[in-house]
Amino acid sequence: VNPSAPDPSLPIAVFDSGVGGLTVLHECLVSLPEEDYLYLGDDARFPYGAKSDAELRECSERNTRYLVDRGAKLIVIACNSAASAGLETAREIAAGSGVEVVAVIEPEAEIAAAITDSGRVGVLATRATVEGGAYLRALGRQHRELTVTQVAAPDLAAIIQRGFPFSESVVETVRSYCAPLRRAYVDTVILGCTHYPLVAPMLQRFLGRQVRLVTAGHALAATAQRLLESGGIAAPDTEEGSYRFLCTGNPASFRELGTRFLQLPLGDVELVDLRT
Ligand code: DGL
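Calculation rules
- Residues numbered from 1 in each chain as written.
- Predicted model: local features only at pLDDT ≥ 70, side-chain atom pairs only at ≥ 80, totals over all residues.
- Heavy atoms only, no water.
- Near = heavy atom within 4 Å.
- Polar contact = N/O pair within 3.5 Å; in protein donor to acceptor, adjacent residues only side chain to side chain.
- Nonpolar A, V, L, I, M, F, W, Y, C, P; charged D, E, K, R; others polar.
- Helix = DSSP H or I, 4+ residues; strand = E, 2+ residues; numbered from the N terminus.
- Pairing = 2+ DSSP bridges.
- Axes fitted to C-alpha atoms, helices over the stretch in contact; angles between N-to-C directions.
- Parallel < 35°, antiparallel > 145°, perpendicular 65-115°, else oblique.
- Left-handed = near helix turned anticlockwise from the far one by under 90°.
- Contact = heavy atoms within 4.5 Å.
- Expected span 1.5 Å × (residues − 1).
- Buried < 20%, exposed > 50% of the residue type's maximum accessible area, 1.4 Å probe, protein only.
- Arc of directions from axis to C-beta.
- Salt bridge = Lys/Arg side-chain N within 4 Å of Asp/Glu carboxyl O.

So, on to the site of the ligand. Looking at the ligand, there are 14 residues lining it, with Ser17, Tyr48, Gly49, Asn80 and Ser81 nearest. Contact distances for the ligand include 2.9 Å between an oxygen atom and a backbone N or O atom of Thr194. One nitrogen or oxygen atom from the side chain of His195 is found 2.8 Å from a nitrogen atom belonging to the ligand. By residue class, the composition of the shell around the ligand is six nonpolar, seven polar and one charged.

Okay, structure coming up:
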């Protein structure tokens, strides 16, 4: 047992700019049901996808510091935009308390490279994630010749965060994001923003049945499990764990939207002030 390892009874902390990370939290709740969870939605600073790399590093640093100080045994960055620029920063901060950080991006790249038949892979993500190039780097590490088509979807996370009204204009916006991926004949599309699995049915319709959609949740939960086990910090008992929610913006709307997305009761959402 590592004496500097965090207390196994602490929760796993998950953060995102809003409700998108709930798609990742859900996978963790299913895969690691005995763990406790603390979820932070930084909705006061939504959208992360329009921020610069420096701003994303700052957000990742602030969120990580807050969650580690509050008490967490593992940090999960459930936001591609934050992970694309802020993963290293978050790791440096958390390492000071012996806490590891797992994040989206690498898991989806590994899955996409493993399942694509044609080697033509699409990435649909926020502007920050596309421009930061983290997926190009992660896919480039996969020991396979891949042709990658990236599409920035600047409005999609915001549409979802508003509760995605299924209007014609939303449908046209989503259709237009899918068009370059269809033209590139990709057979696999990484949903490179944790908000997007919430509109997977619409994306699947515009991309076609043969296209496989890749999300982070399952693989990320498996990585978290490996780390907890190898670090000897898995939950000490086998009873079902608890979860609770923090947000920086509007607890009432976070709760309303989050409940619809997670399809589980959120309980009280605590407002936290993360200004430094
Ligand atoms: N869910 C976030 C992501 O994965 C970003 C949405 C946003 O804040 O722009 O990129």
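Turning our attention to the side chain of Lys73. Here Lys73 is to be found in the loop between helix H2 (53-70) and strand E3 (74-77). Engagement of the side chain of Lys73 in a polar contact is seen with the side chain of Glu35, the distance being 2.6 Å.

Turning our attention to the sheet that holds strand E7 (residues 188-192). Pairing within the open sheet is parallel, and its four strands lie in the order E6-E5-E7-E8. Strands with a single pairing partner mark the edges of an open sheet, and in this sheet they are strand E6 (147-152) and strand E8 (212-214). With direction set aside, neighbouring strand axes in the sheet form an average angle of 25 degrees.

On to the packing of helix H8 (residues 168-183) against helix H9 (residues 200-207), then. The contact between H8 and H9 brings their axes to 9 Å, and the two run at 50 degrees. Here H8 is positioned oblique relative to H9, judged by the angle of their axes. Seen along the crossing, H8 lies across H9 with a hand that is right-handed. Touching Val170, Val171, Val174, Arg175, Cys178, Leu181 and Arg182 of H8 are Met202, Leu203, Arg205, Phe206 and Leu207, all from H9. Taken together, the residues of the contact of H8 with H9 sort by class into nine nonpolar, no polar and three charged.

What follows covers the sheet that holds strand E9 (residues 243-247). In space, the six strands of this open sheet follow the order E4-E3-E1-E2-E9-E10, with parallel pairing throughout. Two strands bound the open sheet, and with one partner strand each, they are strand E4 (100-103) and strand E10 (269-271). The average undirected angle you get between the axes of adjacent strands in this sheet is 25 degrees. Bridging between strand E2 (residues 37-41) and E9 involves five bridges; their strand directions are parallel. Bridging across to E9, Gly41 finds its partner in Cys247. Relative to the sheet, H2 contacts strand E1 (12-16), E2, E3, E9 and E10, its axis offset from that of E1 by approximately 155 degrees.

Let's shift gears to helix H11 (residues 251-262). Between its first and last C-alpha, H11 extends 15 Å over 12 residues, near the 16 Å set by a 1.5 Å rise per residue. When H11 is considered as a whole, its buried residues turn out to be Phe254, Leu257, Gly258, Phe261 and Leu262. Here the buried residues of H11 occupy an arc of 120 degrees about the axis, which is enough to place them on one side. Against helix H1 (22-31), E2, helix H7 (156-161), E9 and E10 lie the buried residues of H11. Capping of H11 at its N-terminal end is provided by Asn250; its side-chain oxygen lies 3.0 Å from the backbone amide nitrogen of Ala252. Phi turns positive one or two residues past the end of H11, at Gln263, with a value near 55 degrees.

Tallied over the entire structure, the rule returns 11 salt bridges. In this structure, Arg70 and Glu270 form a salt bridge, with 3.0 Å as the shortest nitrogen-oxygen distance. Of this pair, Arg70 sits in helix H2 while Glu270 sits in strand E10, placing them 200 residues apart in sequence. The exposure class of Arg70 is partly exposed, given its relative accessible area of 32%. The shortest N-O distance in the salt bridge between Glu270 and Arg244 comes to 2.9 Å. In this pair, Glu270 is assigned in strand E10 and Arg244 in strand E9, connecting sequence segments 26 residues apart. Residue classification places Glu270 among the partly exposed residues on the basis of a relative accessible area of 28%. Each of Arg70, Arg244 and Glu270 takes part in salt bridges that share partners, so that together they form one network.

Turning our attention to the packing of H1 against H11. Packed helix pairs are characterised by how far apart their axes lie and by the angle those axes make with each other. Packing of H1 against H11 brings their axes to within 10 Å, and their N-to-C directions diverge by 50 degrees. Regarding the angle of H1 to H11, the classification is oblique. The two elements H1 and H11 meet at a crossing, and its hand is right-handed. Note on element contacts: H11 touches H1 through Gly258, Phe261 and Leu262, opposite Leu22, Leu25, His26 and Leu29. Of the residues assigned to the contact of H1 with H11, the class counts are five nonpolar, two polar and no charged.

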